[in-house]
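Secondary and tertiary structure notes
Residue strings, one per chain:
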Amino acid sequence: MLKRSFLQAERWESLGKPLIQDETDGLSRAKRPRTLPDTRIIQRSSEVPPVQKALIIDSFENEMTLREDVDVPLELDDYDILVKNSYVGLNHFDWKTKKYKFCIYSFPWINGRESSGVVVKLGKKVSTKDFPLNCKVFLASTSYRNIQTSTFQEYTVFDSRLVWKVPSTVPVLDVEERTKYSPGFDLSAFAGTGVSLVTAGCSLSYFLDFDNLTSLNGNKKCLVIWGGSTSIGHFLIQLAKYSNAFEKIIAVAGLQSTAHLKTLGADEVIDRFETEDNIIEKLLETCSNKVEYAIDLASKDSAKILMKVMQKSVQASEKKIVCVSGTPSDEDSYDGIAVETINIKKFHENIEFGKSFVRYTSELFGEKKLKLQRNIKLIDDKDSFDDRIKRGLKDLEEQKYKGTKIVVKI
Ligand SMILES: NC(=O)c1ccc[n+]([C@@H]2O[C@H](COP(=O)([O-])OP(=O)(O)OC[C@H]3O[C@@H](n4cnc5c(N)ncnc54)[C@H](OP(=O)(O)O)[C@@H]3O)[C@@H](O)[C@H]2O)c1
């Protein structure tokens, strides 16, 4: 899988390089080296056009712009599918990479890491039984070096083995935290699911094996999740609960979310606005001086507080923290704590892990256990999709909608 993803990046970059040097244009079909007709594709919707609209980053400084002449990939690897995006979910990564100049490897570039839509083309080894044309799917594109897998464009290529089919019905929580069931045909509900779900899964994979969930039975530990109210926390708490692998699940979050987080599976919620000393004391008390496992979804600072808690956990037999939003620079000064920096590329680089995670979570959706995010801000007004995405990213950066996933119609 690693080889495949590397080759894909290379292939794109080799197509992209001459274009970056072309100052007049970026992705015009006419100027691109011609690709041979693709004989390997077995199924393709007749409606797939040769070019598409995409939101282009042409420098770190300039505003992103809409281009209408970006090639739709002609060539699919054996297990790939081409998805026509209906909605995209917005993630902090999408604005942070441009603002802080990372993970953008050449210009012109396309961001966007998750979407929902319909399948319009299949690679040679994808069966129509598994993915009939026009079937509804959602995805998390973790291979961020390959812009064909980006989602701020009309069509996205991704490995079918790592794509979820939209379930027929899915539980959501109403405002009073009662579970109700919504028909699964509304693709907007799923566009913002992939990245949070995969990040939650990759975080938990440092503590458990989704293929062998009984392995920790008899030796359960407390798990502290700092940032329980984040989109990642929403899925993390549920996955931790359903794994049945932890003695207790403690969320650190704003207390207004307490009822919601407990409905998802948290045993206790500790107020993130308390003083550091109080949070440390409450965590130690709640876990009987045994905070062994922690996942930080907020910042280096909160990760550091969790490490202090672990340091004081005199009863702990093992200490491990997964940092999702920054790793403290002085991590080495905390003896006996294994500090892991999350790697969500594991989802596609370790194909067996990715496949088993999609299979496991699809089962949870199928059993109507896994609940979708409660609050979705859908941006589907009459502006063009580039304006909608740019507005959404600004709202996300400015944290305009608390505890809400922003989804944009494409
Ligand atoms: N490394 C990776 O591969 C990766 C992948 C995905 C995301 N991330 C990062 O993970 C973080 C979470 O992403 P997300 O999209 O899930 O976030 P999100 O949904 O935007 O989270 C927003 C919520 O976080 C809570 N929050 C804010 N500051 C907090 C703090 N200091 N401590 C605890 N909770 C806090 C607030 O809820 P309350 O006020 O209700 O507590 C807020 O409503 C981001 O920093 C993102 O960049 C990293």
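To keep things clear, this report deals only with the structure shown in the data block. (Residues numbered from 1 in each chain as written. Predicted model: local features only at pLDDT ≥ 70, side-chain atom pairs only at ≥ 80, totals over all residues. Heavy atoms only, no water.)

Time to look at the packing of aromatic side chains. Counting across every chain of the model gives 16 aromatic pairs. Centre to centre, the rings of Phe-138 and Phe-365 are 6.0 Å apart; their planes meet at 90°, and the pair counts as edge-to-face. Taken together, the residues span a long stretch of sequence, with Phe-138 in strand β6 (residues 136-140) and Phe-365 in helix α9 (residues 351-366) at a distance of 227 residues. Phe-365 sits in the buried class, given a relative accessible area of 2%. (Phe/Tyr/Trp six-rings, centres within 6.5 Å; stacked < 30°, edge-to-face > 60°. Helix = DSSP H or I, 4+ residues; strand = E, 2+ residues; numbered from the N terminus. Buried < 20%, exposed > 50% of the residue type's maximum accessible area, 1.4 Å probe, protein only.)

Okay, the nonpolar core next. Core analysis: the largest hydrophobic core is formed by 72 residues, its most contacted members being Leu-204 and Phe-246. With seven residues, α9 is the single largest residue contributor to this core. Each of domain 1 (2-170 + 373-409) and domain 2 (197-346) contributes no fewer than three residues to this core. Among all residues touching Leu-204, those that are not within four sequence positions of it are Phe-210, Leu-223, Leu-236, Leu-239, Ala-240, Phe-246 and Ile-295. By size, the runner-up hydrophobic cluster in this structure holds 24 residues, among which are Trp-226, Ile-279, Ile-280 and Leu-283. (Core = buried A, V, L, I, M, F, W, Y, C linked by side-chain atoms within 4.5 Å. Domains from an automatic or database assignment. Contact = heavy atoms within 4.5 Å.)

With twelve residues, helix α7 (residues 300-311) extends 16 Å between its outermost C-alpha atoms, agreeing within 8% with the 16 Å of an ideal straight helix rising 1.5 Å per residue. When α7 is considered as a whole, its buried residues turn out to be Ser-302, Ala-303, Ile-305, Leu-306, Met-307, Val-309 and Met-310. Residues of α7 that are buried make contact with β11 (221-226), α6 (276-286), β14 (293-296), β15 (320-323) and β16 (338-341). (Expected span 1.5 Å × (residues − 1).)

Moving on to the sheet that holds strand β12 (residues 246-253). Across the sheet, which stays open at both edges, the six strands sit in the order β13-β12-β11-β14-β15-β16 with parallel pairing between neighbours. Whereas interior strands pair on both sides, the edge strands pair on one side only; in this sheet they are β13 (268-271) and β16. Here the strands of the sheet are splayed against their neighbours by 20° on average, with no regard to which way each runs. Relative to β12, β11 runs parallel, the two being bridged by six bridges. Paired with Cys-222 across the two strands is Lys-248, which belongs to β12. (Pairing = 2+ DSSP bridges. Axes fitted to C-alpha atoms, helices over the stretch in contact; angles between N-to-C directions.)

Moving on, we come to the packing of helix α2 (residues 92-99) against helix α10 (residues 385-397). It is the contact of α2 with α10, at a shortest axis distance of 9 Å, that shows an interaxial angle of 90°. Comparing their axes, α10 and α2 come out roughly perpendicular. Contact residues: α2 offers His-92, Asp-94, Trp-95 and Lys-99, while α10 offers Leu-393, Leu-396 and Glu-397. When grouped by side-chain class, the residues that make up the contact of α2 with α10 number three nonpolar, one polar and three charged. (Parallel < 35°, antiparallel > 145°, perpendicular 65-115°, else oblique. Nonpolar A, V, L, I, M, F, W, Y, C, P; charged D, E, K, R; others polar.)

Here we take up unusual backbone geometry. Here the amide bond leading from Phe-107 into Pro-108 is cis, since omega sits at -5°, within 30 degrees of zero. Within the secondary structure, Pro-108 is located in the loop between α2 and β5 (114-122). One non-glycine residue, Asn-244, adopts positive backbone phi at about 60°. Tracing the backbone through its elements, the reader meets Asn-244 in the loop between α4 (231-243) and β12. Positive phi, close to 60°, is recorded for Asn-289, a residue that is not glycine.

Such coordinate-based values are descriptive only and should not be taken to indicate function.
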